[in-house]
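Chain by chain, the residues run as shown.
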Amino acid sequence: MEKGESALVAEMRDNLARMRELGVEPYPRRSERTHVSSEIVEAFDTLEGTEVAVAGRLMSVRGHGKAGFADLVDGGGKVQLYVRKDEVGEEQYELWKLVDVGDIVGARGEVMKTKTGEVSVKVKSVAVLAKALKPLPEKWHGLKDKELRYRHRSLDLIANDDSRRVFLLRSRMLRVSREFLWERGFVEVETPILQPNYGGAFARPFTTHHHSLGMDLYLRIADELYLKRLIVGGIERVFEIGKDFRNEGMDRTHSPEFSQLELYQAYADYHDMMEITESLVARLAVELLGTTKVTWGDREIDLSPPWRRLTVRDALVEAVGEEALGSAAALAAAAKAKGLDVEAPVEFGPLAEDVLSTLVEPKLVEPTFLIDYPKAISPLAKETPEDPETVERFEFFIGGLELGNSFTELNDPDEQRRRFELQEAQREGGDAEAQGMDEDFVFALEHGMPPTGGLGIGLDRLAMLLTGAPNIRDVILFPPMRPDRQA
RNA sequence: GGGCCGUUAGCUCAGCUGGUAGAGCACCUGCCUUUUAAGCAGGGAGUCGCUGGUUCGACCCCAGCACGGCCCA
């Protein structure tokens, strides 16, 4: 036994060696498969008595002396193998006895049913397709340890059906989202992840360096400014599904690397974006879950449109009272009275955002569009007709989760330049999350961008909602983790 | 960043008031040609997260650290 190697591993390695002694290559190049397990189980009546070839992982082996049963799991599900010494012969039965739970095997044989009614393959020949050298997690508790599940997702997927379901559902979420947008005439594109400037959101970026250009580049924090260039370019309905990166804290709902769907539609505004949002989310629920009702914690949430529209102003009035909205000082006082940790001096916009995220958003369990935000915290959105300090913007919330952000896009290039300049001043004033000037984006706007509605949806959180997952890491296949430093 | 909780066999977990560690699954040996959490009999398996400290003696008490979880900022 090598250092650190358990007895179980030694046994599996020993079986590997003995397979080779029998002249069997445990990692062959070729395999055969005529059916996946689900096909055999579902079409048993027509397949009974015919010969099939199956392949997959052995998840359970039950020996009976000169015979044995095993559960073979493949992409379709599970089918039982029935291996008899008098069917496979002496040599093959020797090989069968060297097979461990976890091994990838192929088997050829006749479709049959046991007397207990289990659809099975009565094996004529068996092949080892990949010998496993490490034991699987326990068979009926699965792999529970969250750390191990996140660090070793392959094991989690083998051992936990729930985990596999989550990620298959997530895949279908992407597919249905694309179908939905294609039906509406949207075009999928890819824009740069490595960017000389970052923008489109408030966040600290990840910085990297390109050696041959001799320059620093940023990993994008949003897709927005490139997608709007495409609207200028005449691609009137455009979307991108991809990763954004924000160099911020991690918690139950934040991952530094996360997936976002962003879409832009020319000749549309944020009302149209609300309709798209409601329709898409409801469609996803129906297609993936068969119902518009999702379970979230101990609540049931109905995602059927139309969703509630709540103005930021009304939300703030309800949270801190109308008097508090008169000035930044009044709002600060009211926020402090509600227990918020307010550091003076704070401007109205960021303060309002604080109040919203602490006192309002967690209560937005039923699907809600929070609409009409302060301009000061929305440098890319167009003003409302009623109030130049308010913009046509919404964020939407379900189950207390912020799931997305949308504007009627600002398309006045001069106004956009002024907004960027204000942001730059804030950045110089020490706000690391303020957005920088993007001259090339303004250059594009100067050629004329049609009135446009834009929308971003956080796909990880949407996947959380649709699967009931309490932690964003539960819906990210390989979530970022600190290195596992063994002493 | 702060508070609380966790880390014991490959996995899931027990472990009392400090006296050198247990179960189930998995694994090994034997029996078993329709089992499916197969069964019966027997057996092996541990750096108790890491480093220090207290103590005659530490999985257990104390301190620090690491990783993770929940909550708060």
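1. A few points about the overall build of chain A
Link 1 in the chain: Broken down by element type, chain A carries 15 helices and 18 strands.
Link 2 in the chain: A principal-axis box enclosing the C-alpha atoms of chain A has dimensions of 90 × 50 × 50 Å.
Link 3 in the chain: Counting the 487 residues in chain A, one finds 49% classified as buried.
Link 4 in the chain: Taking all contacts inside chain A whose residues are at least 6 apart in sequence as the whole, residues at least 24 apart take part in 64%.
Link 5 in the chain: Carbon together with sulfur atoms contributes 50% to the accessible area of chain A, which is approximately 24200 Å² in total.

2. Considering the protein's contact with RNA strand B
Link 1 in the chain: Around RNA strand B sit 41 residues, and of these Lys115, Thr116, Lys139, Trp140 and Glu147 come closest.
Link 2 in the chain: By atom count, sugar and phosphate contribute 62% of the portion of RNA strand B lying within 4 Å of the protein.
Link 3 in the chain: Within the side chain of Asn471, a nitrogen or oxygen atom sits 3.0 Å from a phosphate oxygen of RNA strand B.
Link 4 in the chain: Within the contact set of RNA strand B, a phosphate oxygen lies 2.6 Å away from a side-chain nitrogen or oxygen of Arg473.
Link 5 in the chain: The element that contributes the greatest number of residues to the surface near RNA strand B is helix α5 (residues 146-151), accounting for four residues.

3. Details of the sheet that holds strand β16 (residues 390-398)
Across a sheet, paired strands are connected by hydrogen bonds in the backbone, their directions being either parallel or antiparallel.
Link 1 in the chain: Spatial ordering of the open sheet is given by β6-β10-β11-β18-β17-β16-β15-β14, a layout of eight strands whose pairing is mixed. Pairing within the sheet leaves two strands with one partner each, and these edge strands are β6 (187-188) and β14 (308-311).
Link 2 in the chain: In the packing of helix α15 (residues 459-467) onto the sheet, the strands contacted are β10 (237-245), β11 (257-266), β16, β17 (401-408) and β18 (452-458), and the crossing angle to β18 comes to about 60°.

4. Some words on the domain arrangement of chain A
Link 1 in the chain: Here the domain parsing of chain A yields domain 1 (5-135) and domain 2 (158-307 + 366-474).
Link 2 in the chain: For domain 1 and domain 2, the distance between their C-alpha centroids amounts to 48 Å.

5. Description of the confidence of the model for chain A
Link 1 in the chain: On average, chain A scores 94 in pLDDT, and the residues at 70 or more come to 98%.
Link 2 in the chain: The ipTM assigned to the predicted complex is 0.92, against a pTM of 0.94.

6. A few points about helix α7 (residues 161-183)
Link 1 in the chain: Look at α7: 32 Å from first C-alpha to last across 23 residues, which is about the 33 Å you get at 1.5 Å a residue.
Link 2 in the chain: Every buried residue belonging to α7 is among Ser163, Val166, Phe167, Leu169, Arg170, Met173, Val176, Ser177, Phe180 and Leu181, and all of these are buried.
Link 3 in the chain: In the core, the buried residues of α7 are packed alongside α5, α6 (153-159), β10, β11, α9 (270-289) and α15.
Link 4 in the chain: Positive phi appears at Gly185, one or two residues downstream of α7, with a value of about 85°.

Conventions and cut-offs
Residues numbered from 1 in each chain as written. Chains lettered and ligands numbered in written order. Predicted model: local features only at pLDDT ≥ 70, side-chain atom pairs only at ≥ 80, totals over all residues. Heavy atoms only, no water. Helix = DSSP H or I, 4+ residues; strand = E, 2+ residues; numbered from the N terminus. Buried < 20%, exposed > 50% of the residue type's maximum accessible area, 1.4 Å probe, protein only. Contact = heavy atoms within 4.5 Å. Areas by Shrake-Rupley, 256 points an atom, 1.4 Å probe, with all protein chains shown as cover. Near = heavy atom within 4 Å. Polar contact = N/O pair within 3.5 Å; in protein donor to acceptor, adjacent residues only side chain to side chain. Pairing = 2+ DSSP bridges. Axes fitted to C-alpha atoms, helices over the stretch in contact; angles between N-to-C directions. Domains from an automatic or database assignment. pLDDT = per-residue confidence, 0-100. Expected span 1.5 Å × (residues − 1).

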